[in-house]
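Letter by letter, the chains look like this.
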Amino acid sequence: MHKEAGARVRGIFVTLRELGFGRKRLRVRVRGQKRDFISSLLGYGIDTRGKLGRGSVLRAVNSTATVKMSGVGTSTGVAAYTVTTSPAKSVENRPSDADSKKHHLKNGKGFQNPWDSFQELKIIKFFADALMRRFKPAPTPSPSPSPPAPLPTQPPSLLRTRSHPSLRATWLGHACYYLEFPSGLRVLTDPVFEPYCSPIHLPHLRRYTDPPCQIEDLPFVDAVLVSHNHYDHLSLGSVRRVKAKFPGARFWVPLGLKSWFESSGVKNVCEVDWWEEGEMEMRRVGKEEGGEGREEVIKATFTALPAQHNSKRTPWDTGKTLWCGWGIESGGRKVYFAGDTGYRTVTSVPSGTSDHDLDLPHCPAFSQIGAHAGPFDLGLIPIGAYEPRWAFSAVHADPRDAVSIFLDTRCERGLGMHWGTWALTYEGVWEPVRGLVGALRERGLGGDGKEGEEGWEEESRGVFGWSGVGETREF
Ligand SMILES: [Zn+2]
């Protein structure tokens, strides 16, 4: 059923009166071409894909009439696996305080970080600092007004078969990794392939490093892990493209996000709370390109794990949906995807000292993750978007925090992420890697290499290193 909303776009906003209240999927005609976007719960419309223009005609689409749901999963267009998922249940070996659900707000209206390692950012201070930067030299390196140089990028060489003895991780930029498990399972984390990580396409929010491939180039996707709803981690366009190419893929999301997916026409969604897990079973029912010789059944367990962060998609929905990291286990190999997280909150740093000289509470959840869900063969841990510390430390780890998270969660090997893609904060492009090498040296974990012309050299990658964009690391 198509209902003409009759709204016309004026700039990027569509008014409440024109669209009415309630989340809607909208079909838009722009110069004769059909495009989709989602209006918010309050009914205002933000052009999340930057495709609208003055005079574009919007039509509300009844999403249930346009969604087809398939019970048969496939990664290549050939029906090869039936996919079943179990309802989420509490992890048996969970921390003693997990059942108190302190991260749920009492009124049921959202979520919070329940630790004294988290303090809310004073928004007035944030804007005052931004204003001051216009009039005096910044105390920390500022992003250049021209885009930073992109990172070296290579086209990924992904397996065209599900048979391979080792665990492989390929960085596709920011928090997006493509994971190939020896069991045959293929996982994509936080896919965002669009140029902008914002509904408003300001020039400085354009990515300076392009993805090394497109979603359509990936050979298989069985599961997509979403950490939270910030635009640099969750993109409507990318979700739709994954669904179109891999209709059997299951989207694993934290509590509260299922309705966003469903209203976007994506129904294969498993919603999980911290310290809950869901199981996925893929049973082969037919031939699949590259699937020959694989096990009849591929099993995986996905566990939502705590993270110190928040969520926000619009000005009015802060903390309404949950944020999380993920533990993935398949065929005896285990990966920890930390999502987006802080470790401590540094409100101010006395001049002449480092914020790591300060004795501050750190988030206890990571030791619990290590004790109850670890050890992990591999940890994917954020190392970037952390300056200035007083503004971002509560929600974004710096490299020293990242090494602490790596150790607390009992990861045997680690790879950095959440850097080198968008200029979200004030540190220089290669600072996260430089800081990681220093932090590893401090903790006696290697990092002996030196900076080369194109970044850092191989030997400095140690037990916790990083990938080039499009590079595959094997474990
Ligand atoms: Zn975030």
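Model, not experiment: these values are computed from the prediction.

Attention shifts here to the overall build of the protein. A tally of helices and strands in the protein yields 9 helices and 25 strands. For the protein, contacts bridging at least 24 residues in sequence account for 71% of all contacts bridging at least 6.

Before going further, it helps to examine the confidence of the model for the protein. Here the protein shows a mean pLDDT of 80. Residues at 70 or above account for 73%. For residues 1–23, every residue scores under 50 in pLDDT, and the model assigns this stretch 55 contacts once sequence neighbours within four places are set aside. Throughout residues 39–79 the model reports pLDDT below 50, and contacts reaching past four residues in sequence, or to other chains, amount to 124 contacts.

Where helix 8 (residues 399–408) contacts helix 9 (residues 431–442), the two axes come as close as 8 Å, and the packing angle between them is 50°. Overall, the two elements helix 8 and helix 9 adopt an arrangement that is oblique. Handedness of the helix 8/helix 9 crossing: right-handed. Taking contact as the criterion, the partners of P399, R400, A402 and V403 in helix 8 are, on helix 9, P432, G435, L436, A439 and L440. Residue composition of the contact of helix 8 with helix 9, grouped by class: 7 nonpolar, 1 polar and 1 charged.

Now for the sheet that holds strand 12 (residues 186–189). Pairing is mixed across the open sheet formed by 7 strands, whose spatial order is 15-14-13-12-11-10-25. Every interior strand has two partners, whereas the edge strands, strand 15 (269–272) and strand 25 (472–474), have only one. The sheet shows a mean angle of 20° between the axes of neighbouring strands, direction not considered. Across 3 bridges, the pairing between strand 13 (residues 223–225) and strand 14 (residues 250–254) is parallel. In the strand pairing of strand 14, L225 is matched with W252.

This part covers the nonpolar core. Residues Y177, A223, V224, F251, W252, W326 and L380 are the most contacted members of the largest nonpolar core, which totals 104 residues. Beyond its immediate chain neighbours, meaning those up to four positions away, V224 contacts L188, P191, V242, A249, F251 and W252.

For the rest of this paragraph, the subject is unusual backbone geometry. The phi torsion of most residues other than glycine is negative, and most of the peptide bonds are trans. G374 connects to P375 through a cis peptide bond whose omega is -5°. Residue placement: P375 occurs in the loop between helix 6 (365–372) and strand 20 (376–382). Going from E387 to P388, the amide bond is cis rather than trans, its omega being -5°. Summarising the element assignment, P388 is placed in the loop between strand 20 and helix 7 (389–392). Of note, the phi angle at K101 is positive, near 50°, even though the residue is not glycine.

Rules behind the numbers
Residues numbered from 1 in each chain as written. Predicted model: local features only at pLDDT ≥ 70, side-chain atom pairs only at ≥ 80, totals over all residues. Helix = DSSP H or I, 4+ residues; strand = E, 2+ residues; numbered from the N terminus. Contact = placed C-beta atoms within 7 Å. pLDDT = per-residue confidence, 0-100. Axes fitted to C-alpha atoms, helices over the stretch in contact; angles between N-to-C directions. Parallel < 35°, antiparallel > 145°, perpendicular 65-115°, else oblique. Left-handed = near helix turned anticlockwise from the far one by under 90°. Nonpolar A, V, L, I, M, F, W, Y, C, P; charged D, E, K, R; others polar. Pairing = 2+ DSSP bridges. Core = buried A, V, L, I, M, F, W, Y, C linked by C-beta atoms within 7 Å. Buried ≥ 20, exposed ≤ 12 C-beta atoms within 10 Å, placed from the backbone.

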